[in-house]
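What follows is each chain in one-letter form.
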Amino acid sequence: MSTSRTTLRTTGVALRAMLVFTLVLGVGYTALITAAGQLVLPFQANGSAVRSSDGELIGSALIGQSFTDADGAPLPEYFQSRPSAAGDGYDGGASSGSNLGPNNADLVTAIGERQAAIADLDGVGVDEIPADAVTASGSGLDPDISPEYALLQVPRVAAERGLDESEVRELVESKIQSRDLGFLGEPRVNVLGLNLALDALQN
């Protein structure tokens, strides 16, 4: 009898503790962090969403996207993004790299094909193409490219839009983000932000 009462009491204590911790940690903590995020960093907390002037959602500052036509061909009037190995390309639900080593035949072939395509699109030599232009990032969602790759595309974009190269180059240089905290990562250019600024330049 005493054992049964002890078991019931222990079970009751465990259930009450589970209820309290569920409310405190599962509901209260989540609500607190959500509210703090909305108050302190609402842009980041809501996915760093980028909207057009009329409020239409056009992407995220944190997730790359392709600037291609319906057939997957690059739109020459836009700066092109880094290749993506996430699903069919920039799929947030399938974030990953290719997991292929540098000597993998498939990767070597893919890089060669990308180099040839960029050399043809931008009228440059293969040796002028930076690594990030032909290799996917570890997440497959990288929204940024190197300043070198952005500047390589300037002549083509300027010609397609009928703009002076110097004007487009200045725009690119104004969009270069420095290393985080001055020493983390590499200088970079957000492709979506650059292309939006490019459109605004002609409006």
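This text goes with the structure placed above it.
These numbers were taken from a predicted model, which means no experiment stands behind them.

Peer 1: How do you make sense of the side chain of Arg 156 when you look at a structure like this?
Peer 2: Within the fold, Arg 156 resides in helix H5 (residues 154-161). What makes Arg 156 buried here is its relative accessible area of 7%. In this view, Arg 156 contacts Leu 75, Pro 76, Tyr 78, Phe 79, Gln 80, Leu 121 and Asp 122; residues no more than four positions away in its chain are not counted.

Peer 1: Before we go on, may I ask you to explain the environment of Leu 171 in this structure?
Peer 2: Among the secondary structure elements, Leu 171 is positioned in helix H6 (residues 165-174). When neighbours within four sequence positions are excluded, Leu 171 is seen to be in contact with Leu 194, Ala 197, Leu 198 and Leu 201.

Peer 1: Hey, could you run me through the packing of H6 against helix H7 (residues 191-201) in this one?
Peer 2: Helix packing for two helices is described by the angle between their axes and how far apart those axes are. Put simply, H6 and H7 touch, their axes get as near as 10 Å, and they point 140° apart. The pairing of H6 with H7 is recorded here as oblique in orientation. Crossing hand, H6 versus H7: right-handed. Along the contact surface, H6 presents Glu 167, Leu 171 and Val 172, while H7 presents Leu 194, Ala 197, Leu 198 and Leu 201. Of the residues that constitute the contact of H6 with H7, the class distribution is six nonpolar, no polar and one charged.

Peer 1: Help me understand a negative patch on the surface in this model?
Peer 2: Residues Asp 164, Glu 167, Glu 170 and Glu 173 make up a contiguous surface patch of negative charge. Here Glu 170 lies in helix H6. Glu 170 sits in the exposed class, given a relative accessible area of 53%.

Peer 1: Got a minute to help me understand H7 in this structure?
Peer 2: Because the α-helix completes a turn every 3.6 residues, residues three or four places apart line up on one side. Those residues of H7 that sit buried are Val 191, Leu 192, Leu 194, Asn 195, Ala 197 and Leu 198. The inward-facing, buried residues of H7 abut strand E1 (49-51), strand E2 (57-60), strand E3 (144-145), H5, H6 and strand E5 (188-190). Measuring from the backbone nitrogen of Leu 192 back to the side-chain oxygen at the start of H7 gives 3.3 Å, which picks out Asn 190 as the cap.

Peer 1: Sorry, what's going on with the layout of surface pockets here?
Peer 2: Take a probe with the size of a water molecule and roll it over the atoms, and the empty space left behind shows itself. The space that makes up the largest pocket amounts to roughly 480 Å³. Surrounding the largest pocket, 21 residues form its lining, Thr 68, Pro 74, Gln 80, Ser 81 and Pro 83 being those nearest its centre. Here the lining of the largest pocket gets five residues from one element, more than from any other, and that element is helix H3 (residues 105-122). Here the residues of the lining of the largest pocket sort into nine nonpolar, eight polar and four charged.

Peer 1: Can you walk me through H6 in this structure?
Peer 2: Looking only at H6, the buried set comprises Val 168, Leu 171 and Val 172. Axial view of H6: buried residues confined to an arc of 100°, hence all on one face. Residues Glu 170 and Ser 174 are exposed on H6 and point more than 90 degrees away from its buried face.

Cut-offs applied
- Chains are numbered independently. Their residues run from 1 in the order of the written sequence.
- The model is predicted, so local features are restricted to residues of pLDDT at least 70 and side-chain atom pairs to those at 80 or more, both for listing and for counting; the totals for chains, interfaces and linings are taken over all residues.
- Side-chain metrics rest on all non-hydrogen atoms present in the structure, leaving aside hydrogens and water.
- Secondary structure elements follow DSSP: runs of H or I no shorter than four residues count as helices, runs of E no shorter than two count as strands, and numbering proceeds from the N terminus.
- In this scheme, a residue with accessible area under 20% of its type's maximum is buried, one over 50% is exposed, and one in between is partly exposed, where area comes from a 1.4 Å probe on protein chains only.
- Note on contacts: a residue pair qualifies if any of its non-hydrogen atoms lie within 4.5 Å across the two residues.
- Fitted lines through C-alpha atoms serve as axes, helices being fitted only where they are in contact, and the angles separating the N-to-C directions of these axes extend from 0 to 180 degrees.
- Angles are sorted into four bins: roughly parallel if under 35 degrees, roughly antiparallel if over 145, roughly perpendicular if 65 to 115, and oblique for all others.
- Whether a crossing is left-handed or right-handed is set by the direction in which the near helix is turned from the far one by less than a right angle, anticlockwise for left-handed and clockwise for right-handed.
- When residue character is reported, Ala, Val, Leu, Ile, Met, Phe, Trp, Tyr, Cys and Pro are called nonpolar, Asp, Glu, Lys and Arg charged, and the others, Gly included, polar.
- Patch membership needs two things, relative accessible area over 30% and no salt bridge, and members are linked within 9 Å if like-charged or within 5 Å if nonpolar (Val, Leu, Ile, Met, Phe, Trp, Tyr).
- Computed by Shrake-Rupley with a 1.4 Å probe, the accessible areas treat only the displayed protein chains as cover when residues are assessed.
- For this analysis, a salt bridge means a side-chain nitrogen from Lys or Arg found within 4 Å of a carboxyl oxygen belonging to Asp or Glu.
- Positive charge is attributed to Lys and Arg, negative charge to Asp and Glu, and no charge count is given to His or to the chain ends.
- Positions of charges follow a simple convention, taking NZ of Lys, CZ of Arg, CG of Asp or CD of Glu.
- Two N or O atoms form a polar contact when they lie within 3.5 Å of each other; inside protein one atom must be a possible hydrogen donor and the other a possible acceptor, and for residues adjacent in sequence the pair counts only when both atoms belong to side chains.
- Definitions used for this entry: grid spacing 1 Å over protein atoms alone; cavity, a set of points where a 1.4 Å probe fits but cannot get out; pocket, an open set with protein on both sides within 12 Å along at least 5 of 7 lines; lining residue, one with an atom within 4 Å of a point.
- Grid points are joined across faces, edges and corners, and a volume is the space filled by probe spheres set on the points.
- It is the directions from the helix axis to the C-beta atoms whose arc is reported.

Shape descriptors only; they carry no functional weight alone.
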